[in-house]
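Each chain, letter by letter, is given below.
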Amino acid sequence: MWDDAFPSFLIGLREGLEAGLIVSILVATLVRAGAKSRLPQVWTGVLAAIALAMSFGAVLTFTAASLSATAQEAFGGTLSVVAVAFVTAMVFWMRRSARSLSGEIKEKVTGALAMGAGMLVVTSFLAVGREGLETALFLWTTARAAGESAGPMIGAGIGLVIAAGLCWGLYRRVLKINLTKFFTATGVVLIVIAAGVLGYGLRDLQEGGVLPGKAAFAFDLSQTIDPNAWYTTLVQGVFNLMPAMTWLQIGAYVAYLVIVMTLFVRGVRSAAKPAPAPRPATEKAAADKPAEEKPVEDKPVEEKPVEEKPVEEKAADEAVVEKADAAQGAAAEAGAAEDGSAGGDAPESESAVEPAEAPAGAGRKRPGWLLPVAVVAVPAVVAGGIVAFGKSKPAGAPTIAVSEKECGKGFTAPKPGRQTFQMQNTGDKTSEVYLVDPSTNAVYGEIEGLAPGTTRDLVATIAGGSYAWRCVPTGGKAVTSAAVRVSGGGGAKAVVPVAEEDLAGPLRAYKQYVDRGLATLTDQTQKLSDDLAGGDLDGARTDWLTAHRTYSSLGAAYGTFEDFDKKINGRADGLPGGVHDKDFSGFHRIEYGLWHGASADELSGPAQQLHDAVVGLRKAFPTQDFDPGDLPLRTHEILENTLQFELTGDTDQGSGTNLATADANLTGTRELLDVLRPLIAKREPQLLASIESDIARMQKLLDDAHHDGTWTPVEKLDATARQRLNGITGQLLEHLAPVPDLLEIRKSA
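Being a predicted model, the structure only gives us computed values, none of them experimental.

**Student:** Whenever I open this one, the environment of alanine 252 confuses me. Can you help?
**Tutor:** Assignment of secondary structure puts alanine 252 in helix α8 (residues 247-272). Taking C-alpha positions, alanine 252 is 7.3 Å from leucine 198, a pair spaced 54 residues apart along the chain. Beyond its immediate stretch of four places on either side in the chain, alanine 252 contacts Leu198 and Leu202.

Dropping the structure here:
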């Protein structure tokens, strides 16, 4: 939780300090002008800005919750990118505009005094509102990235409280801070955090289908890094760097960090160089010559030059300090006025603003509490309306009951076209609900995990045909509603559901394939062990590759092999001793030794351990639990691992045979698709044709890297060949991606 709190803490601290300094300037300007009676109007505007920010956060939260999973990814990703843009603009705006900000706010407040109470409320609202909206957006984004709200909200709260304390200390002149160093340091850290948020947002857009390349991983360390380790959660929470990231994420992260950080640092350096020279002249001119346009405001500043000097000398070249100077100078002046030490200047100041106060007082017939309550209530009511409207059903969308007793209640024949149905669970059990063709069981739409008392949208395209609802309560029997008939309209795409028994035949065939492969592997590892026992290192290298390719072609069963996979094909990543760790074993341990000068005697032990593990796996495999639902999943996952580990050379321990392993992975995928072919062809024959075409192209590229029994190492492929191989693998993965959903076991079947 605390690792997720840091980014929000930094945002709360920085944005809170910015907003606090702005409020200090507003208050200071009124006190120095002798218009302390107008302070409630400033606080009313500030309160309205806070209410708007909180309402905005509520709208974001409830809007996202009402979307589908895919739409949530796209919505969250878009707002993450927007939040990065806001934070980037905030960092650069603070550096560019701070020098003139104090004077601009003073001018606006002075004008608002002359225009009445309402204008002063608006001025303070606009001055603080921007900071509040930025804070709400970025906090929502970081909370969504963290997957929980407690840590980010606690971090933001602590940051805001500290910011409020710092602003109070600056205003009362009991605290001095080099604000330039503070905003520069936090700006650097925020740029780093924003780079991670940008990468996270782009990943969401890829998951939501807005951007391509969601399977094109630059790296995947999820199998080698403990996701629960303190350092993993710290890096994920603070920097939004994940164990697996795509090329788009990495490219955007690096590009943003390099470009934005360079511009920011360059701007800080260029702003710092000329500052020391002109500052004394400016101070001298200000001390010798009162401003002609604002005699009332500048007179108190002349009376206390000594008090302001330490702060100015501490950050003479900083634009941001002007905001603290204004607040601190006003605090001293306000204290002098309260003690009666302002002399004859106070009456003069009051008379200067008296014409503006008279109309405000004359029209004050409404209760004093009405305006503050209104500015808080209005944003809350508007936000509630947006949430309610956003969650209300679209015009004409029927509400359909989901339960064992009322399945399909409220369903009448819909019109052809894209339709939205409000599915409401009126029972007492979590249910799945399907819109089906009762004659074929084809599924047009589905919702899983619909909790009791909840309502969710189901969107489906309706064409001519027969439709019914099938409700499947948890632990209960499936119930099908009465069917309705729709006339007209074009063809609607439906998915023929797959039952567990439909996968029984493919699973049986694939288990036979794996069993034959393990029998072959047993003989091959025995031969490898014999080679090393006899001191034949060259023969061992050849037989090692043969055995490793056999094992790599059994990828769909890896999840079933349990602990045997680690013993047979484990990697050194994550082990304390790396390749020299005592627990490093299996094919990669032997590979490292064979290609790094180890003797046959040194490798005989690991080779015998490998053979024993294969024998143990072959004996245990018939009794191991092989989930039939794993078969469709593995059609995509095998080559996903190939792209992440083999085509990057990540698993190479010296043999340079990653492409041989990739070829074996492709063989395993082809075998898996063969046993699933009837089920896929029945549902998506065109998809199967695209997959087969991609497999043929990938096989051709792999064959081109195989010459006279040797394989070209990945790193020695020319740039064009490597790009083509990565490209066709990514395209094949895109075509394989629908297979798991297409062959998902559905209770509606």
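**Student:** Would you mind showing me how to read a nonpolar patch on the surface here?
**Tutor:** A grouping of Val254, Val258, Ile259 and Leu263 is seen on the molecular surface, where their side chains present a nonpolar patch of about 350 Å² in accessible area. With respect to the helices and strands, isoleucine 259 occurs in helix α8.

**Student:** Looking at this structure, I do not really get the confidence of the model for the chain. What am I missing?
**Tutor:** In low-pLDDT segments, the atomic positions of the prediction should not be examined closely. Residue-level pLDDT values for the chain average 77, and 71% of them are 70 or greater. Note on residues 277-364: pLDDT under 50 across the span, and 112 contacts to partners over four residues away in sequence or across chains. Low pLDDT (under 50) marks residues 391-395, which in the prediction has five contacts with non-local residues, meaning those over four places away or in another chain.

**Student:** Even after reading the chapter, I still don't get the pattern of salt bridges, so can you show me in this structure?
**Tutor:** One side chain can pair with another of opposite charge once the charged atoms of both are near each other. In total, this model carries 13 salt bridges according to the counting rule given. Note that aspartate 538 and arginine 541 form a salt bridge whose closest N and O atoms lie 2.9 Å from each other. Of this pair, aspartate 538 and arginine 541 both sit in helix α16 (residues 537-552), separated by three residues, roughly a single helical turn. A salt bridge links aspartate 583 to lysine 582; the shortest N-O distance between them is 3.5 Å. The structure contains a network of salt bridges with shared partners spanning Arg571, Asp573 and Asp650.

**Student:** Help me understand unusual backbone geometry, please; the structure alone is not making it clear to me.
**Tutor:** Among all residues save glycine, negative phi is the norm, and among peptide bonds the norm is trans. Phi at asparagine 441 takes a positive value of approximately 70 degrees, unusual for a residue other than glycine. Of note, asparagine 441 is situated in the loop between β5 (431-437) and β6 (442-450). The backbone of aspartate 708 sits at a positive phi, close to 55 degrees, despite the residue not being glycine. Positionally, aspartate 708 belongs in the loop between β11 (706-707) and β12 (710-711).

**Student:** Explain the sheet that holds strand β3 (residues 399-402) to me, please; I cannot follow it from the model alone.
**Tutor:** Pairing between the strands of a sheet comes from backbone hydrogen bonds, and it takes one of two forms, parallel or antiparallel. With respect to topology, three strands assemble into an open sheet ordered β3-β4-β7, the strand pairing being mixed. With one partner strand each, in any of the chains shown, β3 and β7 (455-462) form the two edges of the open sheet. Direction aside, neighbouring strands of the sheet carry axes that sit 35 degrees apart on average. For β3 and strand β4 (residues 417-425), the ladder comprises four bridges, and the chain directions are parallel. The partner of valine 402 across the bridge, within β4, is asparagine 425.

**Student:** Explain the packing of aromatic side chains to me, please; I cannot follow it from the model alone.
**Tutor:** Where two aromatic rings form a pair, the distance of their centres and the angle of their planes describe that pair. If you walk through the whole model with that rule in mind, you get 12 aromatic pairs. Here phenylalanine 411 and phenylalanine 421 contribute two aromatic rings whose centre-to-centre distance is 6.1 Å and whose plane-to-plane angle is 75 degrees, an arrangement assigned as edge-to-face. Of this pair, phenylalanine 411 sits in the loop between β3 and β4 while phenylalanine 421 sits in strand β4; the two residues are 10 residues apart in sequence, bridging distant segments of the chain. Grouping residues by exposure puts phenylalanine 411 and phenylalanine 421 together as buried. Taking the centre distance of 6.3 Å and the plane angle of 85 degrees together, the rings of tyrosine 510 and phenylalanine 626 count as edge-to-face. Remark: phenylalanine 626 occurs in the loop between α19 (600-620) and α20 (630-646) and tyrosine 510 occurs in helix α15 (residues 504-533); sequence separation between them is 116 residues. Of the two residues examined, tyrosine 510 and phenylalanine 626, each falls in the buried class. An aromatic cluster is defined as three or more aromatic residues linked by ring pairs; in this entry it consists of Trp544, Tyr551, Phe561, Phe587, Trp595 and Phe621. Over the face of the ring belonging to phenylalanine 564 we find lysine 567, whose NZ or CZ atom lies 5.6 Å from the ring centre.

**Student:** Looking at this structure, how should I read the environment of threonine 184?
**Tutor:** Tracing the chain through its elements places threonine 184 in helix α6 (residues 179-207). Given a relative accessible area of 24%, threonine 184 falls into the partly exposed group. For the pair threonine 184 and phenylalanine 264, spaced 80 residues apart in sequence, the C-alpha to C-alpha distance is 8.9 Å. Not counting chain neighbours up to four residues away, the residues in contact with threonine 184 comprise Phe264 and Val268.

**Student:** When you look at helix α18 (residues 587-594) in this model, what are you seeing that I'm missing?
**Tutor:** Counting buried residues in α18 gives seven out of eight residues, a clear majority hidden from the surface. All buried positions along α18 are accounted for by Phe587, His588, Ile590, Glu591, Tyr592, Gly593 and Leu594.

**Student:** Teacher, can you tell me more about the state of the cysteines here?
**Tutor:** Enumeration over the complete set of coordinates arrives at one disulfide. Between cysteine 407 and cysteine 471 runs a disulfide, and the two sulfur atoms are separated by 2.1 Å. Between cysteine 407 and cysteine 471, the disulfide has an S-S torsion of 85 degrees and is therefore right-handed. Of the two residues, cysteine 407 is situated in the loop between β3 and β4 and cysteine 471 in strand β8 (residues 465-473); the sequence distance between them amounts to 64 residues. Across the pair, exposure class does not vary: cysteine 407 and cysteine 471 are buried alike.

**Student:** I keep staring at the nonpolar core and nothing clicks. Help me out?
**Tutor:** Nonpolar side chains in soluble globular proteins generally cluster together in the buried interior. Among the nonpolar cores identified, the biggest contains 68 residues, and Ile568, Leu659 and Leu676 are the most heavily contacted of them. Ignoring sequence-local partners within four residues, the contact set of leucine 659 consists of Leu647, Leu702, Ala705, Trp711, Thr712, Val714, Leu717 and Leu725. If you look at the next biggest cluster of nonpolar residues, it comprises 31 residues, including Leu10, Phe138, Leu139 and Ala195.

**Student:** What am I meant to see in α15 here?
**Tutor:** For an α-helix, 3.6 residues make a turn, and residues three or four places apart therefore share a direction. Here α15 is 30 residues long and its end C-alpha atoms lie 43 Å apart, about the 44 Å a rise of 1.5 Å per residue gives. Count one or two residues on from α15 and you reach glycine 535, which has phi positive near 80 degrees.

**Student:** Would you mind going over the packing of α20 against helix α21 (residues 658-683) with me for this structure?
**Tutor:** A packed helix pair is summarised by two numbers, namely the angle formed by the two axes and the spacing between the axes. It is the contact of α20 with α21, at a shortest axis distance of 9 Å, that shows an interaxial angle of 170 degrees. By the angle between their directions, the pair α20 and α21 is classed as roughly antiparallel. Contacts between α20 and α21 involve Leu631, Pro632, Arg634, Thr635, Ile638, Leu639, Thr642, Phe645 and Glu646 on the former and, on the latter, Asn658, Thr661, Ala662, Asn665, Leu666, Thr669, Leu672, Leu673 and Leu676. Its residues assigned to classes, the contact of α20 with α21 comprises 10 nonpolar, six polar and two charged.

**Student:** Teacher, can you tell me more about the side chain of glutamine 249 here?
**Tutor:** Secondary-structure assignment places glutamine 249 in helix α8. For glutamine 249, a relative accessible area of 2% puts it in the buried group. Within the structure, glutamine 249 has its side chain in polar contact with the backbone nitrogen of threonine 246 (distance 3.0 Å). Those residues in contact with glutamine 249 that lie beyond four places of it in its chain are Gly199, Tyr200, Arg203, Gln206 and Ala244.

**Student:** Before we go on, may I ask you to explain the pairing of β4 in this structure?
**Tutor:** The two faces of the sheet receive side chains in turn, since in a regular strand these alternate between them. For β4 and β7, the ladder comprises eight bridges, and the chain directions are antiparallel. Within the sheet, the bridge partner assigned to glutamine 422 lies in β7 and is aspartate 457.

Rules of the game
Residues numbered from 1 in each chain as written. Predicted model: local features only at pLDDT ≥ 70, side-chain atom pairs only at ≥ 80, totals over all residues. Heavy atoms only, no water. Helix = DSSP H or I, 4+ residues; strand = E, 2+ residues; numbered from the N terminus. Contact = heavy atoms within 4.5 Å. Patch = residues over 30% accessible without salt bridge, like charges linked within 9 Å, V, L, I, M, F, W, Y side chains within 5 Å. Areas by Shrake-Rupley, 256 points an atom, 1.4 Å probe, with all protein chains shown as cover. Salt bridge = Lys/Arg side-chain N within 4 Å of Asp/Glu carboxyl O. pLDDT = per-residue confidence, 0-100. Pairing = 2+ DSSP bridges. Axes fitted to C-alpha atoms, helices over the stretch in contact; angles between N-to-C directions. Phe/Tyr/Trp six-rings, centres within 6.5 Å; stacked < 30°, edge-to-face > 60°. Buried < 20%, exposed > 50% of the residue type's maximum accessible area, 1.4 Å probe, protein only. Lys NZ or Arg CZ within 6 Å of the ring centre and 35° of its normal. Disulfide = S-S within 2.5 Å. Core = buried A, V, L, I, M, F, W, Y, C linked by side-chain atoms within 4.5 Å. Expected span 1.5 Å × (residues − 1). Parallel < 35°, antiparallel > 145°, perpendicular 65-115°, else oblique. Nonpolar A, V, L, I, M, F, W, Y, C, P; charged D, E, K, R; others polar. Polar contact = N/O pair within 3.5 Å; in protein donor to acceptor, adjacent residues only side chain to side chain.

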